Amino acid sequence: MPKRFLHRSAARLCRAALALALVVGPCAASGDDELKLTPSQAQNLGVRVTHPISSRMDRTLPYPAQIVIPTPQLWVVSAPVAGMITNLAVARGDRVAVGQPLLTLESPSFVSLQRDYLHALAQEGLAAQQLKRNADLFEGKAIPQRVLESSQAEARQASIVVAERRQMLHISGLSDDAISRLSSDAAISATLTVTAPRAASVVEIAVSPGQRLEQAASLVKLARLSPLWAEIAIPATNIGAIKTGAKVDIEGYATPGQVILVSETTDAATQTILVRAEIPNNGELHSGQMAAARIGFISAGESAWEIPYSGLVRRGEQTSVFVATEGGFRLVPVTLLAEDQDHVVIAGPLTDKDEIAIGGISALRGILSRLGQ
């Protein structure tokens, strides 16, 4: 159709709507947010209606969620000493118990730590013997007190060095029993077995056999996989209905979780707010997967309803819907709980018998505007 005919048609439609608004204007006001319309007038304005659908279990529309491992449940096992990987005892996905071997290191540095500890033990023994002799001599008045005090200081210093060397062996992964055996047998080993510090699952292995590493290099990442977090990006306009403690359902997963965090900051790029939920995991959820999450909300004794997006009326921060009455339509304030491109979930004084306008909204708002709304 030529553009001039389109423009003429649009002009005629606008004039018809204006004429209708002028006709109904004097008799349209029956309340602050009410207007009177006959069925034929509503039809001429293109008004269409639908019944609201009860929102199941007072939950939001589904939002995309990412399943992640809670940061307090992640542990990185690092190389206690510099050395070379000679053996890997686990693979990604394995479950390990406390003290279970993860890998074996061959390390000259570990040899030096053991040697230094044995040397410190020997020095502590010599210092203790010297202190005993000087104490006996002091009792017999054979030496002055300053010599005894010097021996006491040397013995204390030797004990401190032993404690330091022992702690270094602890850090390298040796247990108290292994250190005791080293003390008694003086059997120095060049290999060190790195064990799991706690029961967990292996989520990442950062090394391979034959690889040489510096001290503190990352070896294995462990994690406890229950519970998990569901991180959900909620549009900032919908966040008011979501509270800490709210129930969260992951579609396709039977066990619900709950909201543990509603972030106080908004992502500037997406205008969304992070909501974090904690979900008990029986093995069906996996970190890194994407899922759909519905979040429960608490309304003030009102039910939740789902309607098409086109039925929502926004005036500043206030949201409303046009509800059909016997003689026209009434603008009813509602609380916006959730929205997507096609639907919204609202709470308000509605029933499933009500008819909500989802077409001709601009014409209805125009009539209210002419009435001073």
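Heads up: the structure comes first, above all this text.
From a predicted model like this one, the values you see are computed outputs, not experimental measurements.

Asks: Help me out: how do you make sense of the sheet that holds strand β11 (residues 212-213) in this one?
Replies: Two pairing modes exist for strands in a sheet, parallel and antiparallel, and in both the strands are linked by backbone hydrogen bonds. Strand order in the open sheet formed by 4 strands is β9-β8-β6-β11, with antiparallel pairing between adjacent strands. Either end of the sheet is taken by a strand with one partner, and the two such strands are β9 (191-195) and β11. Pairing between strand β8 (residues 101-106) and β9: 5 bridges, direction antiparallel. Looking across to β9, one finds that Thr 104 is bridged to Thr 193.

Asks: Looking at this structure, how should I read helix α4 (residues 145-171)?
Replies: Since one α-helical turn is 3.6 residues long, residues separated by three or four positions face the same way. With 27 residues, α4 ought to run about 39 Å at 1.5 Å a step, and its terminal C-alpha atoms sit 39 Å apart, in line with that. Residues Leu 148, Ser 151, Ala 155, Ala 158, Val 162 and Leu 169 constitute the buried set of α4. Those residues of α4 that are buried are in contact with α3 (108-139) and α5 (176-185). Directly after α4, the chain includes Gly 173, whose backbone phi takes a positive value near 110°.

Asks: Hey, could you run me through the packing of aromatic side chains in this one?
Replies: Each aromatic ring pair is specified by the distance between its two centres and by the angle formed by the two planes. Per the stated rule, a full pass over the model turns up 0 aromatic pairs. The ring of Trp 229 is capped by Arg 276, whose NZ or CZ atom sits 4.3 Å from the centre of that ring.

Asks: Help me out: how do you make sense of the sheet that holds strand β5 (residues 74-78) in this one?
Replies: Judged by pairing direction, the sheet is antiparallel, and its 4 strands sit side by side in the order β5-β12-β10-β7 without closing on themselves. Both outer strands of the open sheet, β5 and β7 (95-96), are each paired with one neighbouring strand and no more. When strand β10 (residues 200-205) meets strand β12 (residues 218-223), the two strands line up antiparallel, connected through 4 bridges. Bridge pairing in β12 places Ile 205 opposite Val 220.

Asks: Can you help me understand helix α6 (residues 361-370) in this one?
Replies: For α6, the complete set of buried residues consists of Ile 361, Leu 364, Ile 367 and Leu 368. Taken end-on, α6 shows its buried residues confined to a sector of 130°, consistent with a single buried face. Among the exposed residues of α6, those pointing more than 90 degrees away from its buried face are Ser 362 and Arg 370.

Parameters at a glance
- Residues numbered from 1 in each chain as written.
- Predicted model: local features only at pLDDT ≥ 70, side-chain atom pairs only at ≥ 80, totals over all residues.
- Heavy atoms only, no water.
- Pairing = 2+ DSSP bridges.
- Helix = DSSP H or I, 4+ residues; strand = E, 2+ residues; numbered from the N terminus.
- Expected span 1.5 Å × (residues − 1).
- Buried < 20%, exposed > 50% of the residue type's maximum accessible area, 1.4 Å probe, protein only.
- Contact = heavy atoms within 4.5 Å.
- Phe/Tyr/Trp six-rings, centres within 6.5 Å; stacked < 30°, edge-to-face > 60°.
- Lys NZ or Arg CZ within 6 Å of the ring centre and 35° of its normal.
- Arc of directions from axis to C-beta.

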